[in-house]
Amino acid sequence: MQFISVYKKLSSNDLGTADKHNRVIYRSEHLRNSSFLERENDGEKFKVLRYVDDCDPSILMTVSDMLDLIEDMKIVIDESKSDVEVNNHLKEIVFMCKLCIWNIDNFCLEISPWCANTDTYPSHLPEEYRTK
C-alpha cells in the first residue's frame, strides 16, 4: 500500500524530510492502491509510477512532476473503472497534484510505502477517517 501526502515546503528545494509530520497538509491512502501505483515493471508506459515501489518514497517537487503523475493517473484511473473505491482514491490523487500545482512554491507531494503517524492527524478528525 502507498500513502500519498501533501507537505508544506520549508524552502523551494525542501525534500520534506525535516519535521514532515508536522507539515502535512493532506493525506490519502487505500489498502488496494499498490497494484495501480507500483508500476516499476511498466517503465515504458509510465513517467512517474515506474519509480513507485515498496522500498522508498517518491517526492514530487515541480509542476512538471505533477503533470507527469496526472498523465500516469489517467491510465490507472481507466484501468480501475471496475473498482469504484480505488478509482475514487486515484482521482483524489489527481486532486492532490492540482493542489500542489496551484501552490508549487509551498507544497510538495510524497508517495511513500511507509505509514504515517496517526497521532499527527487533527484531533477533531473522527477515527474512521484516520489512516490505519
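It should be emphasised that the depicted structure is a prediction, and the values quoted were computed from it without experimental measurement.

### Points about the packing of aromatic side chains
Per the stated rule, a full pass over the model turns up 1 aromatic pair. Pairing Y26 with F95 gives two aromatic rings, centres 5.9 Å apart and planes at 75°, and the pair type is edge-to-face. Within this pair, whereas Y26 is found in strand β2 (residues 24-29), its partner F95 is found in helix α3 (residues 84-102), the two being separated by 69 residues in sequence. A residue is classified by how much of its surface remains accessible, and F95, at 43% relative accessible area, is partly exposed.

### Quick look at the pattern of salt bridges
Inspection of the entire model under this criterion finds 8 salt bridges. Overlapping salt bridges, with partners in common, bring together R39, D42, K45 and E79 in one network.

### Describing the packing of helix α2 (residues 63-79) against α3
Contact pair α2 / α3: the axes reach a minimum separation of 10 Å and the direction vectors enclose 165°. Judged by the angle between their axes, α2 and α3 are roughly antiparallel. Pair α2 / α3 crosses with left-handed handedness. Where α2 abuts α3, its residues M66, L67, L69, I70, M73, V76 and I77 lie against N87, L90, K91, I93, V94, C97, K98, C100 and I101. Residue composition of the contact of α2 with α3, by class: 13 nonpolar, 1 polar and 2 charged.

What counts and how
Residues numbered from 1 in each chain as written. Predicted model: local features only at pLDDT ≥ 70, side-chain atom pairs only at ≥ 80, totals over all residues. Heavy atoms only, no water. Phe/Tyr/Trp six-rings, centres within 6.5 Å; stacked < 30°, edge-to-face > 60°. Helix = DSSP H or I, 4+ residues; strand = E, 2+ residues; numbered from the N terminus. Buried < 20%, exposed > 50% of the residue type's maximum accessible area, 1.4 Å probe, protein only. Salt bridge = Lys/Arg side-chain N within 4 Å of Asp/Glu carboxyl O. Axes fitted to C-alpha atoms, helices over the stretch in contact; angles between N-to-C directions. Parallel < 35°, antiparallel > 145°, perpendicular 65-115°, else oblique. Left-handed = near helix turned anticlockwise from the far one by under 90°. Contact = heavy atoms within 4.5 Å. Nonpolar A, V, L, I, M, F, W, Y, C, P; charged D, E, K, R; others polar.

Just geometry here; none of it tells us what the structure is for.
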